[in-house]
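# Structural features, examined
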Amino acid sequence: MMKEKSISASKASLVFFLCQMISALDVPLDSKLLEELSQPPTITQQSPKDYIVDPRENIVIQCEAKGKPPPSFSWTRNGTHFDIDKDAQVTMKPNSGTLVVNIMNGVKAEAYEGVYQCTARNERGAAISNNIVIRPSRSPLWTKEKLEPNHVREGDSLVLNCRPPVGLPPPIIFWMDNAFQRLPQSERVSQGLNGDLYFSNVQPEDTREDYICYARFNHTQTIQQKQPISVKVFSMDSLNDTIAANLSDTDIYGAKPVTERPPVLLTPTGSTSNKVELRGNVLLLECIAAGLPTPVIRWIKEGGELPANRTFFENFKKTLKIIDVSEADSGNYKCTARNTLGSTHHVISVTVKAAPYWITAPRNLVLSPGEDGTLICRANGNPKPSISWLTNGVPIAIAPEDPSRKVDGDTIIFSAVQERSSAVYQCNASNEYGYLLANAFVNVLAEPPRILTPANKLYQVIADSPALIDCAYFGSPKPEIEWFRGVKGSILRGNEYVFHDNGTLEIPVAQKDSTGTYTCVARNKLGKTQNEVQLEVKDPTMIIKQPQYKVIQRSAQASFECVIKHDPTLIPTVIWLKDNNELPDDERFLVGKDNLTIMNVTDKDDGTYTCIVNTTLDSVSASAVLTVVAAPPTPAIIYARPNPPLDLELTGQLERSIELSWVPGEENNSPITNFVIEYEDGLHEPGVWHYQTEVPGSQTTVQLKLSPYVNYSFRVIAVNEIGRSQPSEPSEQYLTKSANPDENPSNVQGIGSEPDNLVITWESLKGFQSNGPGLQYKVSWRQKDVDDEWTSVVVANVSKYIVSGTPTFVPYEIKVQALNDLGYAPEPSEVIGHSGEDLPMVAPGNVQVHVINSTLAKVHWDPVPLKSVRGHLQGYKVYYWKVQSLSRRSKRHVEKKILTFRGNKTFGMLPGLEPYSSYKLNVRVVNGKGEGPASPDKVFKTPEGVPSPPSFLKITNPTLDSLTLEWGSPTHPNGVLTSYILKFQPINNTHELGPLVEIRIPANESSLILKNLNYSTRYKFYFNAQTSVGSGSQITEEAVTIMDEAMASRQVDIATQGWFIGLMCAVALLILILLIVCFIRRNKGGKYPVKEKEDAHADPEIQPMKEDDGTFGEYSDAEDHKPLKKGSRTPSDRTVKKEDSDDSLVDYGEGVNGQFNEDGSFIGQYSGKKEKEPAEGNESSEAPSPVNAMNSFV
């Protein structure tokens, strides 16, 4: 039963929206509630306290708030009212408090430096923002300074000072050279936290003139550069040369060689220093030492350890970094610099202070009139912060009095609040390092309960998993929540349910019988409301045939099975993975419905293959390993299954355990991976071997757990990559002592087969589960929710017992307990069953039909009383049938249609109705036994619809200008026909459609003669019927009017006329004779060389032509047998002129024979104007080509 929680004034009762804790800046109201309920302002967005702005861009100071009614906004600047309307450069965004300062008109950003604070106010209070300090970013230039070159002796230390300009925020420092390359740093040379460059000892390679310090100002995206610094390192060799040249230098440098020196700290100086850091910040401590060899730095914390996971060493261990420091990190930190000549150290005393931080920030309160509550504001810091309160932005000491309010340090206590007590309170916690400001409103509301979870929301879960059913609610005072099963069921209580404070009902282990309707009721002193939701419990998804371990040789085929079983209402998807990744994109991988096949296996296919089955509610997976082995390389090495183990021995016999040992057989060139131990129960199942356990291949003994009253024999099977060995010889037998049964029968059920009985069934125990002789079952039952004693009977060798004479369909508590000659098994758990069902007694009442359209209707009915169902309510069946068509008034027998609606549904849709028809229907309730009586027949009629197409369209009697159309009425008029619509249009020889003509024909007509048509014209006809609802589907036909006889007599096919045939034969004969004559003339002529033609027509203007000029690109090859075109010569200016080039290659006879490239381009040369010359004999004995013959003919 749900516990009532008392409201204690001392603990400040809070009415939580949606029964959850609410943060001070967000009230999770439903969107509909937000439109209705008043709410004080809440700041939702604001600029940071320390706000550095880019002086080149507009300044945007954010202030956003919510509330009901929407709040208005005002600002203060440096503690006084900021009148935005008087400053043309400042605007406030619509429906917002955000300020935009326009500095693009020459206004300096520095003019708007200051401390800003935003106030959001409505009729229920005022919320204020933090103090927002606006400062423009600054990136000043480097001051001019004269830098002297640094002359330093090899081995000495050196510090190059950076001294960057002071910017806001501080710049990032780095050193580079003239080529904009970062200078290399090491344990010897490194940059300090202050930006200076430290040399523990200088080397000759440090000599350079471009040590440049850069300062990057991120806010303005600018980089400032210091003047280059020059460093000159004098080595001992160069010093000796200098001494020799100028003895006076001996007094300065002497002749000392480079000497090693012990460490000396360059920074920090002295032996001790102090450091103050704030809690939560990053602590950076630095020690940089000079010395030769280069010193090594080591850090310790005196009297303690450096914090693990928060300590980091940077800059070659010269910098100690501790992140997220706390007061516990205060103490003395010691750095030690050491080289081979000695050491030095420095102690830094670190003190961690703390700006205020929240312990308990105040939270919004929603109270109803007369309730009590508290606002608590607790903060800590170092030093301890002071707490001050404001109300609606005004110090509470000078704010209007409120008799329901009492301030007690960091707590405000409210007693018997009234609606006028609504306000926004501000808590300020401050010390010398900062402050915290929090707004929290007190909203006094009187609201009846409301349930925010949508009505009839469907929840789906998998059986045996938790089900969480929501009942999100709101009310003031806080409503009490109760849950009921069904619409009018009893209140839910007991250990099988968990009731959460936010209204959620949890069923820790949902079963199939948990499916149904659940009702949530919320009530407070102002009212009551309820909501119904649905729960469906689905069968879990299972892999009933899992993939198995495979050892496959290369190039063979591997196959893994994955056969699943799932709830029929869920759609599963099966995914295969290899080594937890997608399968390779390879056509060798074939994914079937229940398997994965890998063709032509390679070594890359070795791995773990996983079958994952997903539904919308659950996911299961199974994996198997594929091991790819090589085929036997030579007959000399034979890989085979191992030989069976030998010499099985039982030792350490106890009542419930025994030790088995064995000797492995031959491995046969493949190591044994594991041993499988099986057992035989010679007492209950002789000859049947069962799996017991398995152990790794390196193990030859195992401790086995035993059950009582079993005559054990054991055998061992060895397994390697090739397969399993034959079983070993059985061990000696070992009979364990009898004992009480350890377990009871499973799958106990109680389902009646007749209205007056209860059939109790169970799964019997296996023989070895009996634990002793004389196995029996004690079957007990009693009627649920009735103060009856248990009735029991003891049976043996059965798994069913029938209880007769029971009332019809009542719940029974059932339990089945195992016992043997030694005693009983543990007390069994109880299950709920029901006696037999009987047919329902009552028909559904108040059956109503609402016709939606001509083919769809909705039927409603009242549910029958649950007691009259006399069984498990499975749903309702609607029988409906067509009585007659209203258009034909003819009755005919139509088979009844049945629709089943599952569960306690009271309405359903009837699809597929015929338009303009009369129907009858009745409704019956259904349980597990069958159907109840039918409700009285309900008559309803469907309205008219559009008709079906006319049954036929025939076009007959074509004449010159008319066609006769005949048609049949639609098979399904679906109403009263009003007319027919005929549309037609001509079609020309190119299948183009002409103009469309439409004719409306009375509904009683069945033929039509179309006149005034064009002769010898094809027409396309579109024909459909029409009712008052609209036009039905159309049918189409085509027909042709006949040709005019006079024109037909004139249109004679010329190809069939005798005179035309004779003329064509004569033309063909003439062409043949001409071809023969030309061929003979060509054979008599000689070939004419191009060279001779050039000599006869020498022309200095004509230059030899090249193959790539494209001059003869238009001629066809020998395959085309087409003449070459004229005008193919090209003059010296590479242009073709018709009047100058009116000849062709044909004019040169056979002189061009053999002068064509493979691509057909002419490679000979000719020039001069065309002149006819007689042939001078054959220059070649080659036969004339067909191309030349054809050219001659042309």
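Before going into details, it helps to say that this report is about the structure given with it. Keep in mind that what you see is a predicted model, and the values were worked out from it rather than measured. (Residues numbered from 1 in each chain as written. Predicted model: local features only at pLDDT ≥ 70, side-chain atom pairs only at ≥ 80, totals over all residues. Heavy atoms only, no water.)

### A short note on the overall build of the protein
When you go through the protein residue by residue, the secondary structure sums to 8 helices and 86 strands. Counting only residues that meet the buried cut, the protein has 40% of its 1194 residues in that class. For the protein, the computed accessible surface area is about 64400 Å², with 51% contributed by carbon and sulfur atoms. (Helix = DSSP H or I, 4+ residues; strand = E, 2+ residues; numbered from the N terminus. Buried < 20%, exposed > 50% of the residue type's maximum accessible area, 1.4 Å probe, protein only. Areas by Shrake-Rupley, 256 points an atom, 1.4 Å probe, with all protein chains shown as cover.)

### Things to note about the pattern of salt bridges
Pairing between side chains of opposite charge can happen when their charged atoms approach one another. As enumerated under the stated definition, the model contains 39 salt bridges in all. The shortest N-O distance in the salt bridge between Arg310 and Asp329 comes to 3.0 Å. One end of the pair, Arg310, is in the loop between strand 24 (296-301) and strand 25 (311-314); the other, Asp329, is in the loop between strand 26 (319-322) and strand 27 (331-339), and 19 residues separate them in sequence. For Asp329, a relative accessible area of 3% translates into the label buried. Close ionic contact of Asp785 with Lys784 constitutes a salt bridge, the shortest N to O distance being 3.5 Å. Given the relative accessible area of 70%, Asp785 is considered exposed. One salt-bridge network, held together by shared partners, links Arg153, Asp156 and Arg261. (Salt bridge = Lys/Arg side-chain N within 4 Å of Asp/Glu carboxyl O.)

### Side note on the sheet that holds strand 86 (residues 1035-1040)
Hydrogen bonds between backbone atoms are what pair the strands of a sheet, whose relative direction is either parallel or antiparallel. With respect to topology, 4 strands assemble into an open sheet ordered 83-82-85-86, the strand pairing being antiparallel. A single partner strand is all that each edge strand has here, and the edge strands are strand 83 (997-1002) and strand 86. Each strand of the sheet is rotated relative to its neighbour by a mean of 25°, with strand direction disregarded. Examined bridge by bridge, strand 82 (residues 977-987) and strand 85 (residues 1018-1027) share 10 bridges and lie antiparallel to one another. Paired with Pro986 across the bridge in strand 85 is Tyr1019. (Pairing = 2+ DSSP bridges. Axes fitted to C-alpha atoms, helices over the stretch in contact; angles between N-to-C directions.)

### Regarding the state of the cysteines
Counted by the stated rule, this structure contains 6 disulfides. Each disulfide pairs two cysteine sulfurs, and for Cys287 the partner residue is Cys335, the sulfurs being separated by 1.8 Å. One quick way to see it: the torsion about the S-S bond of Cys287 and Cys335 is about -70°, and its sign makes the bridge left-handed. With Cys287 in the loop between strand 22 (283-286) and strand 23 (288-292) and Cys335 in strand 27, this residue pair connects regions lying 48 residues apart in the sequence. (Disulfide = S-S within 2.5 Å.)

### A closer look at the sheet that holds strand 43 (residues 498-499)
A sheet is described by the order of its strands in space; here 3 strands give the open sequence 40-44-43, paired in antiparallel fashion. Pairing within the sheet leaves two strands with one partner each, and these edge strands are strand 40 (467-469) and strand 43. Note that strand 40 and strand 44 (residues 505-507) share 3 bridges and pair antiparallel. Paired with Ala467 across the two strands is Ile507, which belongs to strand 44.

### Notes on a nonpolar patch on the surface
Taken together, the side chains of Leu1069, Leu1072, Ile1073, Ile1076, Val1077 and Ile1080 make up a nonpolar region of the molecular surface, amounting to roughly 540 Å² of accessible area. Examined against the element boundaries, Val1077 turns out to sit in helix 6 (residues 1058-1084). Here Val1077 falls in the partly exposed class, since its relative accessible area comes to 42%. (Patch = residues over 30% accessible without salt bridge, like charges linked within 9 Å, V, L, I, M, F, W, Y side chains within 5 Å.)

### Considering the packing of aromatic side chains
All told, the structure shown has 21 aromatic pairs when counted by the stated rule. Each ring, one from Phe174 and one from Tyr214, has its centre 5.7 Å from the other, and the planes form 5°; the classification is stacked. Of this pair, Phe174 sits in strand 14 (residues 172-176) while Tyr214 sits in strand 17 (residues 208-217), placing them 40 residues apart in sequence. As far as burial versus exposure is concerned, Phe174 and Tyr214 are alike and both buried. Measuring from centroid to centroid gives 5.3 Å for Tyr980 and Phe1023, while their planes differ by 10°, and the two rings are stacked. Here Phe1023 lies in strand 85 and Tyr980 lies in strand 82, a separation of 43 residues in the sequence. By way of ring pairs, the aromatic residues Phe174, Phe180 and Tyr214 are connected into one cluster. (Phe/Tyr/Trp six-rings, centres within 6.5 Å; stacked < 30°, edge-to-face > 60°.)

### Re the side chain of Thr942
Among the structural elements, Thr942 can be located in the loop between strand 79 (938-941) and strand 80 (950-956). Polar contacts involving the side chain of Thr942 include one to the main-chain carbonyl oxygen of Glu914, which spans 2.7 Å. Those residues in contact with Thr942 that sit more than four places away from it in its chain are Val851, Ser854, Leu886, Leu913, Glu914, Pro915, Tyr916, Ser917 and Tyr919. (Polar contact = N/O pair within 3.5 Å; in protein donor to acceptor, adjacent residues only side chain to side chain. Contact = heavy atoms within 4.5 Å.)

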